[in-house]
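# Structural overview
Here is what each chain is made of, one letter per residue.
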Amino acid sequence: MTNFNFDAPIDRQTYPYDDSVKWAKYQGRDVLPMWVADMDFAVPPVVLEALQARLNHGVLGYPHVTQSVIDAVLLHLERDLGWVIDPDWLVWLPGLVTGLNVACRAVGHKGDSVLTASPIYPPFTSAPVFSDRSLQTVPLVSSNDDWRLDIEALVAASDASTKLLMLCNPHNPVGRVWREDELRALADLAEQRDWIICSDDIHCELVLEPGLRYTPLASLSPEIAHRTISLFAPSKTYNIPGLGASFAVIPDATLRRRFERVMAGIVPHINVLGYTAMEAAYRHGVPWRNALIDYLRGNRDHVLRAINAMPGLQVHAPEATYLAWIDASGLNLPEGLTAAQFFEAAGVGLSPGQDFQPGAIDYVRLNFGCTRQTLDEAMVRMHRACERQTA
């Protein structure tokens, strides 16, 4: 197996590399950026080689999706996810967040409601508002070192105006991979209530728990497939979010036409380098991805040991993603001070919990998609701050 060096440091702070959203936030300060879901690793060599070959061609005009790109996506879905689809189901998007917003506009009408479970990736709560829909949320249930969907709470929170259920699988930020029985329960509920489900599956390749397998909701049956908009992208797995390449799988022709109609004249096409990177990643990136998962699993296990040994902190093991949802309520911080502010003052920049759930100021999300050296230093800084606070 090819060796990939995920410990190799990459300069993210000085020109011409200071355009990073992640690193520019704390530029000039001694704060380790571990917030936005952008890994600190170079992309797979096969992707870099494909991009260089495309650049060497010298022409970067308007592209259209080629059969070669389509075949690479179909290969990925069947080989990696166990899902065989009709290529007509594919809709190309310049980003997954775009897909979330289009889905909200394509389902129901203004004034209808969108239902989801929190804590949740922030665009899940902003997209309905931007689309003139009402937002209905229920909390995930934390128990026995795990996170669960509360089906009864979903029913109670919904009403006749509910038209769309937004799912995240694996879930960001808690890292839960929803099991087949849980997905079937959601599918049954959608059938009973006549809901469409939009499933954000962008982290589906990053399952860290050995023996655990991700299941695409729409693969369970033809019935649920016709109620599902599934969103995918190579951006998180292969660390190419800046190239803006993703896609939706929408089996139902009527729903797909509504989705495409909302896009028309507003949503831009994927650029030529995005298509190039997507094809290379899906065709040739598996060895790199497998090595990455091994490295991230080591980082996750280190985070679990370190965080759960810190006074005042607790974290459940994320089954997937490179994100950890940390409960800092045991620190008993002064009123008005959020956990994110506390750790930023200690030199670690984390995502604020309230971005994912209103009022969750005692929570933070940590991105462990970084070198072990960076992670070690972050754990030291956080531990030192927690000891001072709880002394």
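As a reminder, the structure under discussion sits directly above these lines.
Residues numbered from 1 in each chain as written. Predicted model: local features only at pLDDT ≥ 70, side-chain atom pairs only at ≥ 80, totals over all residues. Heavy atoms only, no water.

## Some points on the pattern of salt bridges
Convention followed: The salt bridge definition used is simple: a Lys or Arg side-chain nitrogen within 4 Å of an Asp or Glu carboxyl oxygen. The way it works is that DSSP assigns letters per residue, a run of H or I at least four long becomes a helix, a run of E at least two long becomes a strand, and they are numbered from the N terminus. For every residue, the accessible area obtained with a 1.4 Å probe (protein chains only) is divided by the maximum for its type, and the residue is called buried under 20%, exposed over 50%, and partly exposed between those limits.
All told, the structure shown has 23 salt bridges when counted by the stated rule. Note that R12 and D40 form a salt bridge whose closest N and O atoms lie 3.3 Å from each other. Of this pair, R12 sits in the segment before helix 1 (21-24) while D40 sits in the loop between strand 1 (32-33) and helix 2 (45-57), placing them 28 residues apart in sequence. Judged on exposure class, the residue R12 and its partner D40 are both buried. Notably, a salt bridge pairs E344 with R29, separated by 3.1 Å at the nearest N-O pair. With E344 in helix 12 (residues 339-345) and R29 in the loop between helix 1 and strand 1, the pair connects residues that are 315 residues apart, well separated along the chain. The partly exposed category is assigned to E344, whose relative accessible area is 26%. Residue class for R29 comes out partly exposed when judged on its relative accessible area of 42%. Taken together, the salt bridges that share partners define one network made up of D146, R148, R176, R179, E182 and E319.

## Looking at the pairing of strand 10 (residues 246-249)
Our working definition: Pairing between strands is defined by DSSP: at least two bridges between the two strands are required.
Burial along strand 10 is two-sided: S246 and A248 facing one way and F247 and V249 facing the other are all buried. Here strand 2 (residues 90-93) runs beside strand 10; their pairing, made up of 4 bridges, is antiparallel. Of the residues in strand 10, the one forming a bridge with L90 is V249. Across 3 bridges, strand 9 (residues 228-232) lies against strand 10 in antiparallel orientation.

## Here's the deal with helix 2
As a reminder, the rule being used: The span expected for a helix works out to 1.5 Å for each residue beyond the first.
Given a rise of 1.5 Å per residue, 13 residues ought to cover 18 Å, and the 19 Å separating the end C-alpha atoms of helix 2 matches this to within 8%. Just past helix 2, the residue G58 takes up positive phi, approximately 90°.

## Structural notes on the packing of helix 2 against helix 10 (residues 272-284)
Our working rule: Angular values range over 0 to 180 degrees, each being the angle between N-to-C directions of two axes fitted as lines to C-alpha atoms, with helices fitted over their stretch in contact. Two helices crossing with the near one rotated counterclockwise from the far one by less than a right angle form a left-handed crossing, whereas a clockwise rotation gives a right-handed crossing. Contact criterion: two residues are considered in contact whenever any of their non-hydrogen atoms come within 4.5 Å of each other. In this count, Pro and Cys sit with the nonpolar residues alongside Ala, Val, Leu, Ile, Met, Phe, Trp and Tyr, while Asp, Glu, Lys and Arg are called charged and the others, Gly among them, polar.
Where helix 2 contacts helix 10, the axes come no closer than 8 Å and their chain directions differ by 145°. Like other packed secondary-structure pairs, helix 2 and helix 10 cross with a definite hand, here right-handed. Here V46, V47, A50, L51, R54 and L55 of helix 2 lie close against helix 10, whose contacting residues are V272, L273, T276, A277, A280, A281 and H284. For the contact of helix 2 with helix 10, the per-class residue count stands at 10 nonpolar, 2 polar and 1 charged.

## Digging into empty space enclosed by the protein
Rolling a probe over the atoms, with the probe sized like a water molecule, indicates the empty space that remains. Under the convention used in this document: Points on a 1 Å grid, built from protein atoms alone, make a cavity when a 1.4 Å probe fits but cannot get out and make a pocket when they are open with protein on both sides within 12 Å along at least 5 of 7 lines; residues with an atom within 4 Å of a point are the lining residues. Grid points are joined across faces, edges and corners, and a volume is the space filled by probe spheres set on the points.
Inspection of the entire model under this criterion finds 2 cavities of 30 Å³ or more. In this structure, the largest cavity occupies an estimated 70 Å³ of space. What lines the largest cavity is simply T116, A117, I120, L149, L154, L165, M166, L167, C168, H171, W178 and L186. Where the lining of the largest cavity is concerned, the elements lending two or more residues are strand 3 (113-118) and strand 7 (162-168). Here the lining of the largest cavity takes 4 residues from strand 7, the largest share from any one element. Residue composition of the lining of the second largest cavity, by class: 3 nonpolar, 2 polar and 4 charged.

## Brief notes about the nonpolar core
Inclusion rule: The term nonpolar core refers to a set of buried residues drawn from Ala, Val, Leu, Ile, Met, Phe, Trp, Tyr and Cys, joined through side-chain atoms within 4.5 Å.
Core analysis: the biggest nonpolar cluster contains 83 residues, and W92, F247, L313, F343, L366 and M382 have the highest contact counts within it. At 10 residues, helix 11 (residues 286-308) tops the list of elements feeding residues into this core. When residues no more than four places from it in sequence are discounted, the contact partners of L366 are M34, V303, Y322, L323, A324, I326, L350, L375, M379 and M382. Counting 28 residues, the second largest nonpolar core, distinct from the first, contains A103, A106, I120 and L164.

## Let's talk about the sheet that holds strand 11 (residues 314-315)
One open sheet accounts for 4 strands, arranged 11-12-15-14; its pairing is antiparallel. Edge positions in the sheet fall to strand 11 and strand 14 (351-352), since each of these pairs with one other strand and no more.

## Points about the sheet that holds strand 3
Ordered by their spatial adjacency, 7 strands build an open sheet running 2-10-9-8-7-3-4, and the pairing between neighbours is mixed. Of all strands in the sheet, those with a lone pairing partner are strand 2 and strand 4 (134-139), marking the two edges. Between one strand axis and the next, the sheet turns by 20° as a mean value, whatever way the strands run. Sitting on the sheet, helix 3 (residues 67-81) is in contact with strand 2, strand 9 and strand 10, with an inclination near 110° to strand 2.

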